[in-house]
Amino acid sequence: MKNEFQVISELIENDKKVLDVGCGDGILMEFLKKNKNTNIRGLEISKSKVQECIAKGLTVIEGNAEKDLKQFPDKSFDYVVLSQTLQAFLDPELVIKELLRVGKKAIVTIPNFGYWKVRLHLLLKGTMPITKRLPDEWYNTPNVHMCSIKDFFQFVRSKDIKIFKSLAVNNQNVSIIKDSNLPIKNLVADLGIFLIEK
Amino acid sequence: MNIESNIKTLFVKTPLKLDCGETINDFPIAYETYGSLNEKKDNAILVFHALTGDQFVTGLNPITKKEGWWSYAVGPNKAIDTKKYFVICSNVIGGCMGSYGPSHTDPHTGNVFGTNFPILTINDMVNAQLNLLDHFGIDKLFSITGGSMGGMQVLQFISNFPDKSKTVIPIACTSSHSAQNIAFNELGRQAIAADSNWKDGTYSSNNTNPNKGLAVARMAAHITYLSKKGLQEKFGRKLQEREDVKFGFDADFQIESYLRYQGSVFVDRFDANSYLYITRAMDYFDLSKQFNGNLSNAFKATKAKFFIMSFTSDWLYPTQENKDIVIALNSIGADVGFVEIKSDKGHDSFLLDVPDFLSALKNFLDKSYIEN
């Protein structure tokens, strides 16, 4: 399992009710179900991924976070997880709002556009950055709203959203992001993981 | 008709009060089973059939000598694996494959009921079928499933008997018949009534059948079960065994010939009055109305695990109507999964060889059974 999922699962206590938004083939869901006794649900837009989840015995709804989160009642999950998909939504602000309405807490991870390799790529090559986490060309990427760790930090603060934990991930290294180290973490981490609450 | 030795029948002794106010007593429910009930009696699946289905789900139907209506989905090693599960299906009341219906004799008059048979609802149908659980000594089913009107019965059943099934699989259905659904059913009923042989439903005493009307009803309905794309791909403007159009009203086009054939084989196996009764029951189906407009309340008492499927090209019970059920379940935190299956085969997709559908059904059942 990805290091990212390891970190996410460590943020979730046992026996909680969790919604995985954009759950993909259900790897994180399966892990949480098995190891954390999580009452886990998924929302996934891809039909074939939904089929993979069903084959794993996971409860998944085919749907789109921008349209289909509204059917869930307020605070009906302990945690709502959104892994590396925020940047693909047309209206990320609405999605964050919905995550925090449906979940008591939300765990959001973002590929960091402030990562030094991304910056260097644009600086030296002058073309849209392509990295391990951002493998697509500008014309076929699903990512329409890229942001950096710093952008996300500033965004949640401006919306009066509480940040419980911010983690910077670079390969196997996970470290805590604080105000004092934000500029440096924004440079060295290729992924940010945030535990937030409204 | 059709009361033959190879129809298994349960005579229900408990009186059943119908929604219309009348009560029926000592009535037959014709059923069939596949596979075997295990010792713990926890492997039973109750399958509900659609408008023109019957209890003969799979294998050879002993009456029509055709393949059972859900042969693609039910059988050894199939999606609903009869090596593993005990499958029960009964003919709905109002039907014409042995269950109590308009072709039976009214004990009070000694005449065939015809349209004197009480009007039925989906609620009446599932209340009648609950008797099958007692008959087999099953306290809780492993699953209930069905497509189209079968799916409506699934929804009504779990609403009426919230702890009687562990899993619930409504397929290509709705919680409330739409104006368009009612319109098509009314077209079928009017076609039957317009046949001079129908005689207000008393045709059996004249030894005639309103076959023309029933065939037209079937032809119209059949179109609603297919998609435009499916029809176009299968038939297009292809001509029926001729080089050019004949400038007449014979079946020039293959689609015409196909529909006429569908109509003609249907009348051999189906009773016109049953068609009226069952379509009426579908039209009256409105589960949210039963709960003062709040569909969620229909499912509040159940802890069952739901899995709902719809089909992209189904315009009779479109995805949105299936999703409305998902939304109602999610809004009360129920355990519900949902997938829309891609298929060009229209509403009939659930009856056909649609691999994504069959594998989803199989995976859901088998994984849920392991966790059982």
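Residues numbered from 1 in each chain as written. Chains lettered and ligands numbered in written order. Predicted model: local features only at pLDDT ≥ 70, side-chain atom pairs only at ≥ 80, totals over all residues. Heavy atoms only, no water.

S.K.: Can you explain the packing of aromatic side chains? Please cite residues and give values.
M.R.: Centre-to-centre distance and the angle between the planes together describe a pair of aromatic rings. A full pass over the atoms with the stated rule returns 28 aromatic pairs over all chains. An angle of 10° between the planes, with centres 5.4 Å apart, marks the rings of Trp69 of chain B and Trp70 of chain B as stacked. Neither residue differs from the other here; Trp69 of chain B and Trp70 of chain B are each classed as buried. Centroid distance Phe311 of chain B to Phe357 of chain B: 5.3 Å. Interplanar angle 65°. Geometry classified as edge-to-face. One end of the pair, Phe311 of chain B, is in strand E11 (residues 305-311); the other, Phe357 of chain B, is in helix H11 (residues 355-371), with 46 residues separating them in the sequence. Using a relative accessible area of 0% as the deciding quantity, one classes Phe357 of chain B as buried. An aromatic cluster is defined as three or more aromatic residues linked by ring pairs; in this entry it consists of Phe27, Tyr100, Phe113, Phe117 and Tyr277 of chain B. It is Lys105 of chain A that lies over the ring of Phe164 of chain A; its NZ or CZ is 4.9 Å from the centre. (Phe/Tyr/Trp six-rings, centres within 6.5 Å; stacked < 30°, edge-to-face > 60°. Buried < 20%, exposed > 50% of the residue type's maximum accessible area, 1.4 Å probe, protein only. Helix = DSSP H or I, 4+ residues; strand = E, 2+ residues; numbered from the N terminus. Lys NZ or Arg CZ within 6 Å of the ring centre and 35° of its normal.)

S.K.: Go over the pattern of salt bridges with me, naming the residues and quoting the values.
M.R.: All names here are of chain B. The tally for this structure, following the rule as stated, stands at 25 salt bridges over all chains. Asp366 is the partner of Lys84 in a salt bridge, and the nearest nitrogen-oxygen pair spans 3.3 Å. Of the two residues, Lys84 sits in the loop between strand E7 (80-81) and strand E8 (86-90) while Asp366 sits in helix H11, which places them 282 residues apart along the sequence. Residue classification places Lys84 among the partly exposed positions, given a relative accessible area of 32%. Taking relative accessible area as the criterion, Asp366 reaches 14% and is therefore assigned buried. (Salt bridge = Lys/Arg side-chain N within 4 Å of Asp/Glu carboxyl O.)

S.K.: Outline the side chain of Gln55 of chain B, supporting the account with residue identities and numerical values.
M.R.: Residue and element names in this part refer to chain B. Relative to the assigned elements, Gln55 resides in the loop between strand E5 (44-47) and strand E6 (74-75). A polar contact of 2.9 Å, which involves the side chain of Gln55, links it to the backbone oxygen of Met97. Excluding residues that lie within four positions of it along the chain, Gln55 makes contacts with Ile7, Ala30, Tyr31, Glu32, Tyr34, His49, Cys89, Ser90, Asn91 and Met97. (Polar contact = N/O pair within 3.5 Å; in protein donor to acceptor, adjacent residues only side chain to side chain. Contact = heavy atoms within 4.5 Å.)

S.K.: Quick rundown of the pairing of strand E12 (residues 335-341) of chain B? Include the residues and the values.
M.R.: Residues in a regular strand point their side chains to alternate faces of the sheet. Residue and element names in this part refer to chain B. Burial within E12 is extensive, with 6 of its 7 residues counted as buried. Across 7 bridges, the pairing between E11 and E12 is parallel. From the neighbouring strand, Phe307 faces E12, where its bridge partner is Gly337. What joins E11 to E12 is helix H10 (residues 319-330), and the crossover it makes is right-handed. (Pairing = 2+ DSSP bridges. Right-handed = clockwise from strand over helix to strand, strands pointing away.)

Treat this as a map of the structure, not an account of what it does.
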